[in-house]
Amino acid sequence: MRKKIVAGNWKMNKTFEEGLALASEIINIAKDEHIQKAILVINPPFIHLNALQKLIPQNTNVFLGAQNCYHQKSGAFTGEISVDMLKSIGVQYTIIGHSERREYFNETSEQLAQKINLLLEASITPIFCCGESLSIRESGEHLAYVAQQITEALFHLSAENLQKIVIAYEPIWAIGTGKTASSAQAQEMHAYLRNHLTSKYGETIAQSISILYGGSCNPQNAKELFACADIDGGLIGGASLKSRDFISIAQSF
Ligand code: PGA
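These figures come from a predicted structure and were not determined experimentally. (Residues numbered from 1 in each chain as written. Predicted model: local features only at pLDDT ≥ 70, side-chain atom pairs only at ≥ 80, totals over all residues. Heavy atoms only, no water.)

Draft legend 1. The overall build of the protein, seen in detail. Scanning the protein for helices and strands turns up twelve helices and eight strands. A globule of 253 residues ought to have a C-alpha radius of gyration of about 18 Å, and the protein, at 17 Å, matches this closely. Restricting to contacts in the protein with at least 6 residues of sequence separation, those with at least 24 account for 72%. Carbon and sulfur atoms make up 51% of the accessible area of the protein, which amounts to about 11,400 Å² in all. A distance of 5 Å separates the average location of the 21 positive side-chain charges in the protein from that of its 24 negative side-chain charges. (Helix = DSSP H or I, 4+ residues; strand = E, 2+ residues; numbered from the N terminus. Rg over C-alpha atoms; globule rule 2.2 N^0.38 Å. Contact = heavy atoms within 4.5 Å. Areas by Shrake-Rupley, 256 points an atom, 1.4 Å probe, with all protein chains shown as cover. Lys, Arg positive; Asp, Glu negative; His and termini not counted. Charge placed at Lys NZ, Arg CZ, Asp CG, Glu CD.)

Draft legend 2. Geometry of the site of the ligand. With respect to spatial proximity, 13 residues lie near the ligand, and among them Lys11, His98, Glu170, Gly176 and Ser216 are the closest. Measuring from an oxygen atom of the ligand, one finds a backbone N or O atom of Gly176 at 2.7 Å. Calculation on the ligand without its partners gives an accessible area of 280 Å², and the protein chains cover 95% of this total. Here the residues of the shell around the ligand sort into four nonpolar, seven polar and two charged. (Near = heavy atom within 4 Å. Polar contact = N/O pair within 3.5 Å; in protein donor to acceptor, adjacent residues only side chain to side chain. Nonpolar A, V, L, I, M, F, W, Y, C, P; charged D, E, K, R; others polar.)

Draft legend 3. Structural context of unusual backbone geometry. In the Ramachandran plot, His34 falls in the positive-phi region, its phi being about 50° despite a non-glycine side chain. His34 sits in the exposed class, given a relative accessible area of 58%. The phi angle at Asn59 is positive, at roughly 55°, despite the residue not being glycine. In this structure, Asn59 sits in the loop between α2 (46-55) and β3 (62-66). The exposure class assigned to Asn59 is exposed, which follows from its relative accessible area of 83%. (Buried < 20%, exposed > 50% of the residue type's maximum accessible area, 1.4 Å probe, protein only.)

Draft legend 4. Representation of the packing of aromatic side chains within the structure. Per the counting criterion, the structure on display carries five aromatic pairs. Over the ring of Phe105 we find Arg101, and its NZ or CZ is 4.1 Å from the ring centre. One Lys or Arg, Lys200, reaches over the ring of Tyr201 and ends 5.9 Å from the middle of that ring. (Phe/Tyr/Trp six-rings, centres within 6.5 Å; stacked < 30°, edge-to-face > 60°. Lys NZ or Arg CZ within 6 Å of the ring centre and 35° of its normal.)

Just geometry here; none of it tells us what the structure is for.
Put into structure tokens, the structure is as follows:
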């Protein structure tokens, strides 16, 4: 059975104190209300990670993730954060290739493949993001475009390593816009991507990969999205900044 996952991407939001408060709320509600249907991953800014790790109790389904890492192992890369640094403070997930990083920081598929290799070496789970712009969707090329993103960044992996990846499909036109993909649009893409994985790795492996949906997912629309056969949870931006909304989404399976 593939895992159900709800991951919160805080992006560049929350001061240190605010972040500690938000994470504490999420951890406490998840514990008090026995949230067990999904794994929760909190992905705060880098400077929050070490302190937040200390707040997360043992034997919980709440995990800590980073929003990015550098694609080289170590060295003279001023301002960057390495996979080994993340590993050294207990980070277990890392978002890779978010559309904002691809667009504003010119991240390439080649760099993303390097990041994924480093993360897997460190036993950190990559949450690999993919998704098309509005103009690509309107051109009708969206399915092939997103499949190509997966080919470029993931298809060098062995079957064993591919099974360690989480994929997040995030149509760019739905991110932060309040305009979510319909459940039919999301399911169509997720099923297409799973078939794409099947073509290279076979049915059993493709069926074991969690594929999350991201893009204006909220407590109102999560239930319908998560009811789709190939949607295994969500990557949540705006709604992850409110503990109650984030938990409601995690209860939508
Ligand atoms: P959103 O962001 O939920 O605010 O649309 C999702 C994301 O960018 O991961």
